[in-house]
Amino acid sequence: MNRYQNLTLVLTGYKGSLRKDKSESFLVRVENSPDGSYQEDKEVTSVEIPPGFRNSLKRLESRDLSIEELIELGEMISSLLLPVTSGPETRKTVRNFYHSSRGKLKPEHGLRIQIRAENAELGKIPWEYVYVPDPEMPPSRRGREGFLDLDRKISIVRLENRSGHIENVAREKDDLRVAVMLSDGDGTDWPILNLDQEEVHILQALEGVDGVELNVLRPGTLTQFEDLVSSSEKTEIFHFSGHG
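All values derive from a computational prediction rather than experimental measurement.

Quick notes on the rules
Here the residue index of a chain counts from 1 through its sequence in written order. Per-residue local features are limited, in this predicted model, to residues with pLDDT of at least 70; the limit for side-chain atom pairs, both in listing and counting, is 80 or more; totals at the level of whole chains, interfaces and linings are taken over all residues. The side-chain quantities take in all heavy atoms of the structure and omit both hydrogens and water. Secondary structure elements are defined from DSSP: runs of H or I of at least 4 residues count as helices, runs of E of at least 2 residues count as strands, and each element is numbered from the N terminus. For every residue, the accessible area obtained with a 1.4 Å probe (protein chains only) is divided by the maximum for its type, and the residue is called buried under 20%, exposed over 50%, and partly exposed between those limits. Here, two residues are considered to be in contact whenever any of their heavy atoms come within 4.5 Å of each other. To measure how exposed things are, a 1.4 Å probe is used in the Shrake-Rupley method; for residues, cover is taken only from the protein chains shown. Strands pair, by our definition, only if DSSP identifies at least two bridges between them. Fitted lines through C-alpha atoms serve as axes, helices being fitted only where they are in contact, and the angles separating the N-to-C directions of these axes extend from 0 to 180 degrees. Classification of ring pairs rests on two measures: the distance between centres of Phe, Tyr or Trp rings, Trp counted by its six-membered ring, which must be within 6.5 Å, and the angle between planes, read as stacked under 30 degrees, edge-to-face over 60 and tilted in between. For a Lys NZ or an Arg CZ to count as sitting over a ring, it must be within 6 Å of the ring centre and within 35 degrees of the ring normal. An arc is given here, and it is the one of the directions from the helix axis to the C-beta atoms.

Asker: Which residues make up the overall build of the protein chain, and what values go with them?
Answerer: Within the protein chain, the regular secondary structure consists of six helices and eight strands. The linear arrangement of helices and strands in the protein chain, starting from the amino end, is β-β-β-α-α-α-β-α-β-β-α-β-α-β. Buried residues in the protein chain amount to 35% of all 244 residues. Long-range contacts, defined as pairs at least 24 residues apart, comprise 68% of the intrachain contacts of the protein chain with a sequence gap of at least 6. Of the accessible surface of the protein chain, which amounts to about 15200 Å², a share of 47% is contributed by carbon and sulfur atoms.

Structural data, given as structure tokens:
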């Protein structure tokens, strides 16, 4: 896609605890959409994180989910990020915003789903696994095509917390593992990127910062990415720049 239209989602108002006997909930609001419409602060939708969700995330980290279980997890994530329910003063659900946003795209345009999580626990949820099935597809025949991150017309990105404040995340004894993949692509139809300069900026930003283990991957091949995600050493922050 040469051009994307933005659908911006704000996740805020987190309440709860990771203890098994405590529920978790938060608020979702559309801050911007391709047609310029949005939800006011009073139009937030409250969603509750379902029981068993955190356990599924642990199994995801251990790569212990079948494709059917992965789809089930993706649908749970979809119910949180793009809820079909609405708040008492909501005129249009977040899921309606998503579908109407896709409907307004020109053939040459894509939809960029921007996610701003204003709480550390919400930021740790792998929103990139969001799964929206084709309503005409029977559940028994659903496959990988429902994962939005695999849709060439969809881009999922995370925005910096605009408030400038996010709760501290407790660190374990190991360094924070950061992987940076820089890729120019393999064709001549794409604009030239100054990835050398970007690498310099990243190295300068982390210079003198303790507790960070940086892994720069160039030329940014699919094999390098597959090796990274299959490694036993968990990468906690992944930064990609380039042409996919």
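Now that the structure is up, let's keep going.
Asker: Please provide a residue-by-residue account of the sheet that holds strand 7 (residues 212-217), values included.
Answerer: Strands sit in the order 7-6-8 across an open sheet of three strands; the sheet is parallel. Of all strands in the sheet, those with a lone pairing partner are strand 7 and strand 8 (237-242), marking the two edges. The average angle at which neighbouring strand axes cross in this sheet is 15°, direction not considered. Strand direction decides the pairing type here: strand 6 (residues 176-183) and strand 7, joined by six bridges, are parallel. For Arg177, the partnering residue across the bridge sits in strand 7 and is Glu213.

Asker: Lay out the packing of aromatic side chains in plain terms, naming residues and giving numbers.
Answerer: Here the structure, examined in full by the defined rule, presents three aromatic pairs. Seen in terms of ring centroids, Phe26 and Trp127 are 6.1 Å apart; in terms of plane orientation they differ by 70°. Their pairing is edge-to-face. Within this pair, whereas Phe26 is found in strand 2 (residues 24-32), its partner Trp127 is found in the loop between helix 4 (120-123) and strand 5 (154-158), the two being separated by 101 residues in sequence. The exposure classification of Phe26 matches that of Trp127, with both residues buried. Sitting over the face of the ring of Phe97, Lys92 holds its NZ or CZ atom 4.5 Å from the ring centroid.

Asker: Provide a residue-level description of the sheet that holds strand 3 (residues 45-49), including the pertinent values.
Answerer: An order of 3-2-1-4-5 is seen for the five strands of this open sheet, with the pairing classed as mixed. In the strand order of this sheet, the two ends are held by strand 3 and strand 5, each with one partner. Each strand of the sheet is rotated relative to its neighbour by a mean of 30°, with strand direction disregarded. On the sheet, helix 2 (residues 67-81) packs against strand 1 (3-16), strand 2, strand 3 and strand 4 (109-117) and is oriented at approximately 150° with respect to strand 3.

Asker: Can you tell me about helix 1 (residues 53-61), naming the residues and giving the values?
Answerer: Regarding helix 1, the residues found buried are Phe53, Ser56, Leu57 and Leu60. Each buried residue of helix 1 lies within a common arc of 105° when the element is viewed along its axis, so the set occupies one face. What points out from helix 1, more than 90 degrees from its buried face, is the exposed set Lys58 and Glu61. Tucked inside the fold, the buried residues of helix 1 contact strand 3 and helix 2. Once helix 1 finishes, Arg63 follows within two positions and takes phi at roughly 55°, a positive value.

Asker: Tell me about helix 3 (residues 94-103), and please be specific about residues and values.
Answerer: If you check which residues of helix 3 are buried, you get Val94, Arg95, Phe97, Tyr98 and Ser101. Down the axis of helix 3, the buried set is contained in an arc of 160°. They therefore lie on one face. On its buried side, helix 3 packs onto strand 1, strand 2, helix 2, strand 4 and strand 5.

Asker: Tell me about unusual backbone geometry, and please be specific about residues and values.
Answerer: Residues Arg218 and Pro219 are joined by a peptide bond in cis, for which omega reads 10°. Of note, Pro219 is situated in the loop between strand 7 and helix 6 (222-230). For Arg63, which is not glycine, the phi torsion reads 55° and is therefore positive. Among the structural elements, Arg63 can be located in the loop between helix 1 and helix 2. Arg63 gets classed as exposed once you look at its relative accessible area, which sits at 55%.

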